[in-house]
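Below are the chains, spelled out letter by letter.
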Amino acid sequence: MESTTSSSKSPIELLPIETQQAILSSLTDIASLQQCALSCPTLYSSYKAAEKIIIAQVLSNQIGNGVLPEAVIALSSSRLTFIELESFTATNFQKRQPVPEVYTFTDALLMSQFHSSVDFLTKDFVQKALAASLFVESVESAVPAPPTTTEIDRIQRAFYMFEIYRNIFTRHYFNRQWGSGAQQGMFFQYFSVWQNEQLACVHDYLVQLIIPAFNEIAAHDVLWGSTNIEYATGPNSQHIQAILSRGLAHLHKIAIADSYVARRKLIYKPHPPQCELFLFPAMFFSQSVFYPFDIKFEERIVLKRVFFTDEDSGPEYAWRWGRSYEENVLLFDATPQARKLRKWAYVMWDRSTLDRWGVLARWPDTLVNPSREEEEKKNAEMRSSWKRREIISVAGGYGWWEAGDEGRVEWLKGKSSPWDDEAKRRECDLCIGTVRCAPHRLVLKIKN
């Protein structure tokens, strides 16, 4: 009988309970842990016998202890009530809290799912930052060296910092009324200048991630064109700031959407929302904090407190290097030169990486801005498309439009286009051959 029972079990069920628990603890996300624990009664019993320890270990495997404190704050900040907001920042940012020892399964699953978005965006961020760096091209091989663990942790902490900011300042209507000065006292003051600059790097990356999807709709949607929705050109677009304020999980969905229809579903509203007080104005419109240079290089910056003590000097040295051309240094710099530095994430890299690239011994080429003629041409095309799409919207058209190709425009009540010239001409008794009647001559004039 015992032989028959043993042969009916899978090999993993015959292992000692300690080995089963070790296997469960080696998994890399909570969803996989859930599937394995529910796969058979034996594994479930082993899981329940050490549930708290296993959950903590799997979260550590996936997120890492270098980022877990920020992940915990991100989850906590997503549940805040309005009256808790101000006390929350003082409690959580005065000192970085140690990694919790116990997590509920629900919390662990939410953190694990959200980290999947952070992990995807981090990989895309690294790829684009390395591609944008002039230094990488000059010293690295065809395939740049992968980022170190400390660099990945640094980038992911900045993404969590973005989400925490979003949870604190946009989840309730009233906290959107806190101006940049109030946000300095409630948020930015708790971080060093280079940690704030890391947040700015993530912000600029997310802006460039969203702009193409937004502009695709602005260039082709009939209603947006008829109401003169302008193309987004940078972070100062209130439409882009409104999209960013929806959080990283939503931005992740936009990033992986593989078609115009999928992206439009995630972004489109007949009248796109605007956000006046999200991260860009909070960072770059505040002139309340600046750091005057002193004579000695080592003492040039009046340093603020450091929420996370980074043992690597790379971010601090890079920040000093990037600001060395200025006499008075604002907390956040919105100049084209600063945006170019953030494009390759200059404050995210270890000192050894910066030294290998030779960053601190050189200065990148000056930024080449688009010519005025190019900008004027693009604006003229945008205004011209507005006029045409307004005509189509008034006539009952909606959906996708493109200059020279109006066949994808949809019409109310399933009707064909009122400017489908050939279809109408075939039904017209007044048109003779290629000779158009007066109404169809007018249609041709409007169409062109």
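Since this is a predicted model, take the numbers as computed values, not measurements.

Caption draft 1: Structural view of the environment of lysine 48. Along the chain, the position of lysine 48 falls in helix 4 (residues 41-49). According to the relative accessible area criterion, lysine 48 is partly exposed, its value standing at 41%. Along the chain, lysine 48 and glutamine 21 lie 27 residues apart, while their C-alpha atoms are 9.5 Å from each other.

Caption draft 2: Geometry of the environment of alanine 218. Structurally, alanine 218 can be placed in helix 12 (residues 193-220). Sequence separation between alanine 218 and serine 385 is 167 residues; the distance between their C-alpha atoms is 9.9 Å. Once you skip the residues sitting within four places of it in the chain, alanine 218 turns out to touch Trp224, Ile229, Glu230, Tyr231 and Arg389.

Caption draft 3: Highlighting the nonpolar core. Core analysis: the biggest nonpolar cluster contains 107 residues, and Phe159, Phe162, Phe187 and Leu206 have the highest contact counts within it. Here the element with the most residues in this core is helix 12; it accounts for 17 residues. Beyond its immediate sequence surroundings of up to four residues, phenylalanine 159 is in contact with Val118, Leu121, Thr122, Phe125, Val202, Tyr205, Leu206 and Leu248. Formed by 5 residues, the second largest nonpolar core is a distinct cluster that contains Val222, Trp401, Val409 and Trp411.

Caption draft 4: Expanded view of the packing of aromatic side chains. Taken as a whole and assessed by the stated rule, the structure comprises 22 aromatic pairs. Here phenylalanine 187 and phenylalanine 188 contribute two aromatic rings whose centre-to-centre distance is 5.4 Å and whose plane-to-plane angle is 90°, an arrangement assigned as edge-to-face. The same class applies to phenylalanine 187 as to phenylalanine 188, namely buried. Among the aromatic side chains, those forming a connected cluster through ring pairs are Phe93, Phe162, Tyr165, Phe169, Phe187, Phe188, Tyr190, Phe191 and Phe278. Positioned over the ring face of tyrosine 268 is arginine 264, at 3.8 Å from the centre of the ring. Stacked on the ring of tyrosine 317, the Lys or Arg arginine 351 has its end atom at 4.1 Å from the ring centre.

Caption draft 5: Here's a closer look at helix 16 (residues 260-267). Every buried residue of helix 16 is accounted for by Tyr260, Arg263 and Ile267. Buried positions in helix 16, seen along its axis, are confined to an arc of 70° and lie on one side of it. Exposed residues on helix 16 whose side chains face more than 90 degrees from its buried face are Val261 and Lys265. At its buried positions, helix 16 is contacted by helix 12, helix 13 (222-226), helix 14 (238-244) and helix 15 (248-256).

Caption draft 6: Structural context of unusual backbone geometry. Despite not being glycine, asparagine 228 shows a phi value in the positive range, around 60°. Located in the positive-phi region is alanine 345, a residue other than glycine, with phi close to 55°. You can see alanine 345 is positioned in the loop between helix 19 (336-343) and helix 20 (351-357). Taking relative accessible area as the criterion, alanine 345 reaches 0% and is therefore assigned buried.

Caption draft 7: The pattern of salt bridges, seen in detail. Under the defined criterion, the tally for this structure stands at 14 salt bridges. Arginine 154 serves as the salt-bridge partner of aspartate 350, at 3.0 Å between the closest nitrogen and oxygen. Of this pair, aspartate 350 sits in the loop between helix 19 and helix 20 while arginine 154 sits in helix 10 (residues 149-170), and the two are 196 residues apart along the sequence. In this structure, the salt-bridge partner of arginine 263 is glutamate 216, at a minimum N-O distance of 3.1 Å. Of the two residues, arginine 263 is situated in helix 16 and glutamate 216 in helix 12; the sequence distance between them amounts to 47 residues. By relative accessible area, which is 18% here, arginine 263 ends up buried. Residues participating in the shared-partner salt-bridge network are Arg154, Asp310 and Asp350.

Caption draft 8: Quick look at the packing of helix 10 against helix 12. At their nearest, the axes of helix 10 and helix 12 sit 9 Å apart, and the two run at 75° to each other. With respect to their mutual orientation, helix 10 and helix 12 come out roughly perpendicular. Along its contact with helix 10, which presents Arg154, Ile155, Ala158, Phe159, Met161 and Phe162, the element helix 12 presents Gln195, Asn196, Gln198, Leu199, Val202, Tyr205 and Leu206. Classifying every residue of the contact of helix 10 with helix 12 by side-chain character gives 9 nonpolar, 3 polar and 1 charged.

Caption draft 9: Highlighting the side chain of histidine 239. Following the sequence through the fold, histidine 239 ends up in helix 14. We classify histidine 239 as buried; its relative accessible area is 14%. Residue contacts for histidine 239: discarding those within four places in its chain leaves Phe214, Ile229, Pro272, Pro273 and Gln274.

Criteria and cut-off values
- Residues numbered from 1 in each chain as written.
- Predicted model: local features only at pLDDT ≥ 70, side-chain atom pairs only at ≥ 80, totals over all residues.
- Heavy atoms only, no water.
- Helix = DSSP H or I, 4+ residues; strand = E, 2+ residues; numbered from the N terminus.
- Buried < 20%, exposed > 50% of the residue type's maximum accessible area, 1.4 Å probe, protein only.
- Contact = heavy atoms within 4.5 Å.
- Core = buried A, V, L, I, M, F, W, Y, C linked by side-chain atoms within 4.5 Å.
- Phe/Tyr/Trp six-rings, centres within 6.5 Å; stacked < 30°, edge-to-face > 60°.
- Lys NZ or Arg CZ within 6 Å of the ring centre and 35° of its normal.
- Arc of directions from axis to C-beta.
- Salt bridge = Lys/Arg side-chain N within 4 Å of Asp/Glu carboxyl O.
- Axes fitted to C-alpha atoms, helices over the stretch in contact; angles between N-to-C directions.
- Parallel < 35°, antiparallel > 145°, perpendicular 65-115°, else oblique.
- Nonpolar A, V, L, I, M, F, W, Y, C, P; charged D, E, K, R; others polar.

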